[in-house]
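Structure at a glance
Chain residues, written in single-letter form:
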Amino acid sequence: MSEVIVEKVSKTMDDLQVIANISLSVKNGEFVVILGPSGCGKSTLFHIISGLIMPDIGRVYINGSDWTGKTGQVGYMQQKDLLLASKNVQTNIAIPLLLKGEETKLAYKKVQENLADFGLKGFENYYPRELSGGMRQRAALLRTFMFTKDILLLDEPFASLDAITRRKMHLWLKDLCISYNSSVLFITHDIEEALMLADRIYVLSNRPASVKAEFHLNLHNSFSEKELLKIKILSLLE
Ligand SMILES: Nc1ncnc2c1ncn2[C@@H]1O[C@H](COP(=O)(O)OP(=O)(O)OP(=O)(O)O)[C@@H](O)[C@H]1O
Ligand SMILES: [Mg+2]
């Protein structure tokens, strides 16, 4: 079981209320997209869920236990691509394992076993600057998966990619998460991206972020149903 429940979380930073009473959840194996306007508080919400910062009010439950303000339970890919420029792909990806105290040789072996799934086989000795944007994002994703494949927080992972690469990454990521049965929370500004990936979508308000609406999607949604949903979501984001 891999699930997250966020219960009535609020947060004020530097006298600015950023999060207002957000409750949401991700169930086992579910792909949940958080869609919200720029600057509304999405990344702050992820900092709270990952345990990097404490909410003022509210709790975060992971697999039934209270993990509010405690790290170590979720894989978190932050908004900025944080690959280290001075390290090659293999070392960058191995970082979470090395930080956990894994022996270097064993860590590299685990990285090697996963490179093919992430389209990085043969590129382990390359440096981030020698990779395409899509490859860099896949390397950062694999590093996140190295920490855990069970619960993933992905903050706009494809925002910097061109439309075609981004579409390819959507198909690839969706398949990957299904095969690993990962529970995913995925932040985006992009409605098309949300409709492409989500089992469920939360639409957030302007700052302070609160949940404005929630939509369930399924494989059987027709094109016209998705178009209708797009219009509804657009009107909520205005
Ligand atoms: N450490 C901090 N101290 C003070 N204010 C902060 C801090 N982190 C974020 N904020 C403020 O909180 C608000 C929300 O920021 P956040 O990064 O969570 O938004 P976001 O929805 O992720 O934005 P974007 O869509 O641009 O990624 C912003 O106004 C920001 O200035
Ligand atoms: Mg953000």
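Above this text you will find the structure in question.
Residues numbered from 1 in each chain as written. Chains lettered and ligands numbered in written order. Predicted model: local features only at pLDDT ≥ 70, side-chain atom pairs only at ≥ 80, totals over all residues. Heavy atoms only, no water.

Before going further, it helps to examine the coordination of the magnesium ion (ligand 2). In the first shell of the magnesium ion (ligand 2), the protein supplies Ser 43 (OG) and Gln 79 (OE1), at 2.0 to 2.2 Å from the metal. Here Gln 79 lies in the loop between β6 (75-77) and α2 (89-99) and Ser 43 lies in helix α1 (residues 42-50), a separation of 36 residues in the sequence. (Donors = N, O, S within 2.8 Å, 3.2 Å for Na, K, Ca; no water. Helix = DSSP H or I, 4+ residues; strand = E, 2+ residues; numbered from the N terminus.)

Turning to the packing of α2 against helix α3 (residues 104-115), a few remarks are in order. Two numbers describe how α2 lies on α3: the axes approach to 9 Å, and their chain directions differ by 120 degrees. Taken together, α2 and α3 sit at an angle that is classed as oblique. Relative to α3, α2 is oriented so that their crossing is right-handed. Residue-level contacts link Gln 90, Thr 91, Ile 93, Ala 94, Leu 97 and Leu 98 of α2 to Thr 104, Ala 107, Tyr 108, Lys 110, Val 111, Gln 112 and Leu 115 of α3. (Axes fitted to C-alpha atoms, helices over the stretch in contact; angles between N-to-C directions. Parallel < 35°, antiparallel > 145°, perpendicular 65-115°, else oblique. Left-handed = near helix turned anticlockwise from the far one by under 90°. Contact = heavy atoms within 4.5 Å.)

Moving on, we get to the pairing of strand β3 (residues 31-35). Burial analysis of β3 places five of its five residues in the buried class, which makes it a mostly covered element. Judged by which residues are buried, β3 turns out to be covered on both faces: Phe 31, Val 33 and Leu 35 on one side and Val 32 and Ile 34 on the other are all buried. Two strands pair when backbone bridges link them, and β3 and strand β9 (residues 200-204) are joined in this way by four bridges, in the parallel orientation. Considered in β9, the bridge of Val 33 is made with Ile 201. (Buried < 20%, exposed > 50% of the residue type's maximum accessible area, 1.4 Å probe, protein only. Pairing = 2+ DSSP bridges.)

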